[in-house]
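Residue-level structure breakdown
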Amino acid sequence: MDRVRVNNDIVMSLKTLSIITLACVFIATKSVRAEDVGGSSCSMPGVGTQIKDIKGRVLTHEELFKQLYDEAECLRRAAAAAGAEWLETETLLLRSLEEADEQRWDSALALAEKARFQAGQALRQAEHEVEAWKHRVVK
Amino acid sequence: MVRLAAGCLIFVATVMVYQDAFAGPAEDRQAFVAYFESRFPNIPFDEYANGIYAIDQDAREQWQEIETFPPYEFTIDQGRDLWEAKFPDGQMYSDCFNGAEIGVRQFYPRVDPQSGEVETLATAINRCREKHGQASLKYGGDEIVALSAYMSFVSRGQPINISVSSDEPRALAAYEDGKRFYYTKRGQLNFSCADCHVASAGQYVRADRLSASLGHPTHFPVYRSKTGGMVSLHQRFSGCVRDVRAKPFALQSREFRNLEYFLTYMSNGLGVNGPGARK
């Protein structure tokens, strides 16, 4: 089996995955309908310096992409359900799928990671705005 | 003792913030109008119906030239033809709007007493069609925009008169939802409607100046020189949301209808002057 040479940025950002996953699940359960978000399917195993599955097997590009894509799509749905989706996130995910179909893994992973980042930021924005908008009301 | 005092202070501050955020519609509107009167003391209230042309003198002169031969005239004609056409059952649009020959634009949006949802002029037109066995018109399409333009034209001069009844919790909820939308930052640029059209009204964004929100809904639909065609208010909402790099909601979605409800209520008292012409 090929060993995955993972881009450092992706590995580092995956370290924050558990935090964002928690945020995703939190917002999904608190602010939006759980069925729109897919429940706890946002969770992704293998957070660490090496991306391994539960048996310690290093993930292939394809497996890693699938997990990253699923995570990004889950977060995007949560952001959409909160009415806070950003403009390009869905397009990035579609492009990442096209790249994956062509087995251009570096590009596919980079696009999926960008989408995951955007969706996570959109969710953080929505969470912040639950209260923050009240301070802007003209008095 | 100090802790108790600090706790009380925080509590009072929190209550004040929440009271301001959840002030009633009448108080909101009063504060909204007062803000712009204070910001632009030389602009009379009625002028806000002219949007950016109340603020930007150069743009106003260009607009007045454009209005010599209004680019929306053909759309009004098309709307009049549609308005006067009979449905297969012999009824007309006017039968759905209390036989109105004079305008009704100033009363929309309103909360439909049956559904409790905000009904805009566009959704009312489609409801009328459905009632008479006709297919709904596509929102943002030529025909519904033309009908809206004609109905605005015959309503010119009528003061906007939107009611948010305190006896109708669904109306208040829709109003509050629209208000929350208006003040919520969204998109990659992290902007709210208010960031541009309250806090930065009159300021330049590239070569153009930002209009004040007060009076925004009075002149739609508008002919936009940028696109060379007519644009509905919801299409403009969609454009703004896209401009801050957020994914827009569908035309006539609940989010946009509630936003229109809030925004139009803020403009109560200003005269309908649609259709208009904008850059």
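Residues numbered from 1 in each chain as written. Chains lettered and ligands numbered in written order. Predicted model: local features only at pLDDT ≥ 70, side-chain atom pairs only at ≥ 80, totals over all residues. Heavy atoms only, no water.

**Re the overall build of chain A**
Secondary structure summary: chain A contains 6 helices and 0 strands in total. When the helices and strands of chain A are read in sequence order from the N terminus, they spell out α-α-α-α-α-α. Looking at chain A as a whole, 46% of its 139 residues are labelled buried. Taking contacts inside chain A between residues at least 6 apart in sequence as the whole, the part at least 24 apart equals 72%. (Helix = DSSP H or I, 4+ residues; strand = E, 2+ residues; numbered from the N terminus. Buried < 20%, exposed > 50% of the residue type's maximum accessible area, 1.4 Å probe, protein only. Contact = heavy atoms within 4.5 Å.)

**Observations regarding the overall build of chain B**
Along chain B, the regular secondary structure elements total 11 helices and 7 strands. Taking 19 Å as the expected radius of gyration for a compact globule of 279 residues, we find that chain B reaches 20 Å, a close match to that expectation. Within the span of chain B, comprising 279 residues, buried residues form 51% of the whole. Taking the intrachain contacts of chain B between residues at least 6 apart in sequence as the baseline, contacts between residues at least 24 apart amount to 69%. When the accessible surface of chain B is summed, it comes to about 13600 Å², and 54% of that surface belongs to carbon and sulfur atoms. Separation between the mean location of the 30 positive side-chain charges and that of the 33 negative ones in chain B comes to 7 Å. (Rg over C-alpha atoms; globule rule 2.2 N^0.38 Å. Areas by Shrake-Rupley, 256 points an atom, 1.4 Å probe, with all protein chains shown as cover. Lys, Arg positive; Asp, Glu negative; His and termini not counted. Charge placed at Lys NZ, Arg CZ, Asp CG, Glu CD.)

**What about the packing of aromatic side chains?**
Residues and elements named next belong to chain B. On inspection of all chains with the given rule, the structure shows 22 aromatic pairs over all chains. Both rings, one in F36 and one in Y48, keep their centres 6.1 Å apart while their planes meet at 55°; by these two values the pair is tilted. With F36 in helix α2 (residues 25–39) and Y48 in the loop between α2 and α3 (57–66), this pair connects stretches of sequence that are 12 residues apart. Grouping residues by exposure puts F36 and Y48 together as buried. In this arrangement the basic side chain of R186 is found over the ring face of F181, its NZ or CZ atom lying 3.8 Å from the centre. (Phe/Tyr/Trp six-rings, centres within 6.5 Å; stacked < 30°, edge-to-face > 60°. Lys NZ or Arg CZ within 6 Å of the ring centre and 35° of its normal.)

**Brief notes about helix α11 (residues 254–266) of chain B**
The α-helix advances 3.6 residues per turn, and as a result positions three or four apart in sequence lie on the same side. Residues and elements named next belong to chain B. Over its 13 residues, α11 runs 18 Å from end to end, which matches the ideal 18 Å to within 8%, given 1.5 Å per residue. Those residues of α11 lying buried are F256, R257, N258, L259, E260, Y261, F262, L263, T264, Y265 and M266. Buried residues in α11 make contact with α2, β1 (110–111), β2 (118–119), α6 (121–131), α8 (169–183) and α10 (233–243). (Expected span 1.5 Å × (residues − 1).)

**As for the nonpolar core**
Residues and elements named next belong to chain B. One finds F32, F36, F97, I125, Y182, Y183 and Y261 to be the most contacted residues of the largest nonpolar core, which totals 72 residues. Sorting elements by how many residues they give to this core places α11 first, with 7 residues. Among all residues touching F36, those that are not within four sequence positions of it are Y48, H197, V198, A201, A212, S213 and L214. (Core = buried A, V, L, I, M, F, W, Y, C linked by side-chain atoms within 4.5 Å.)

**Remarks on the interface of chain A and chain B**
With 17 residues of chain A at the contact, the number on the chain B side is 27 residues. Together chain A and chain B conceal approximately 2100 Å² of surface at their shared face, both sides included; 62% is due to carbon and sulfur atoms. Where chain A meets chain B, there are 3 salt bridges. The partner of E85 of chain A in a salt bridge is K247 of chain B, and the shortest N-O contact between them spans 3.8 Å. The interface formed by chain A and chain B holds 10 residue pairs in polar contact (both at pLDDT 80 or more) in total. (Buried area = accessible area lost by both parts, 1.4 Å probe. Salt bridge = Lys/Arg side-chain N within 4 Å of Asp/Glu carboxyl O. Polar contact = N/O pair within 3.5 Å; in protein donor to acceptor, adjacent residues only side chain to side chain.)

**Let's talk about the environment of M230 of chain B**
Residues and elements named next belong to chain B. Within the secondary structure layout, M230 lies in strand β6 (residues 229–231). Assessed through its relative accessible area of 17%, M230 is described here as buried. With 32 residues separating them in the primary sequence, M230 and V198 have C-alpha atoms 25 Å apart. With sequence-adjacent residues up to four places away left out, M230 is seen in contact with Y72, T75, V145, A149, P221, V222, Y223, Q235 and P275.

**Overview of the confidence of the model for chain A**
Residues and elements named next belong to chain A. Looking at chain A as a whole, the pLDDT averages 77, with 64% of positions reaching at least 70. Confidence over residues 25–40 falls short of pLDDT 50; this stretch has 20 contacts with residues more than four positions distant or in other chains. Across residues 45–49, where pLDDT falls below 50, the model places 9 contacts with residues more than four positions away in sequence or in other chains. (pLDDT = per-residue confidence, 0-100.)

**Regarding the pattern of salt bridges**
The final tally for this structure, using the stated rule, is 25 salt bridges over all chains. E113 of chain A is paired through a salt bridge with R116 of chain A; the nearest N and O atoms lie 3.1 Å apart. Here R116 of chain A and E113 of chain A lie together in helix α6 (residues 105–132), a separation of 3 residues that amounts to about one turn. The exposure class of R116 of chain A is buried, given its relative accessible area of 1%. Between R127 of chain B and E119 of chain B there is a salt bridge, with its nearest N and O atoms 2.9 Å apart. Overall, the relative accessible area of 37% leaves R127 of chain B in the partly exposed class. Among the charged side chains, a network of salt bridges with common partners joins E73, R76, R77, E85 and E90 of chain A together with K247 of chain B.

**Observations regarding the state of the cysteines**
One way to say it: the disulfide is the covalent bond shared by the sulfur atoms of two cysteines. Residues and elements named next belong to chain B. Counted by the stated rule, this structure contains 1 disulfide over all chains. Each sulfur of the disulfide joining C96 and C128 lies 2.0 Å from the other. Taking the torsion about the sulfur-sulfur bond, which here is approximately 75°, the covalent link between C96 and C128 counts as right-handed. Of this pair, C96 sits in helix α5 (residues 93–96) while C128 sits in helix α6, placing them 32 residues apart in sequence. According to the relative accessible area criterion, C96 is partly exposed, its value standing at 24%. Of all cysteine sulfurs in the structure, the one in C240 sits closest to C193, which takes part in no disulfide; the separation is 6.9 Å. (Disulfide = S-S within 2.5 Å.)

**Concerning the sheet that holds β6 of chain B**
All names here are of chain B. Read from one edge of the open sheet, 3 strands run β6-β5-β7, paired in mixed fashion. Where the open sheet ends on each side, the last strands, each with one partner, are β6 and β7 (276–278). Averaged over all adjacent pairs, the angle separating strand axes in this sheet is 40°, with direction ignored. As defined by bridge partners, strand β5 (residues 222–224) adjoins β7 across 3 bridges and the pair is classed as parallel. Bridge pairing in β7 links R224 to R278. (Pairing = 2+ DSSP bridges. Axes fitted to C-alpha atoms, helices over the stretch in contact; angles between N-to-C directions.)

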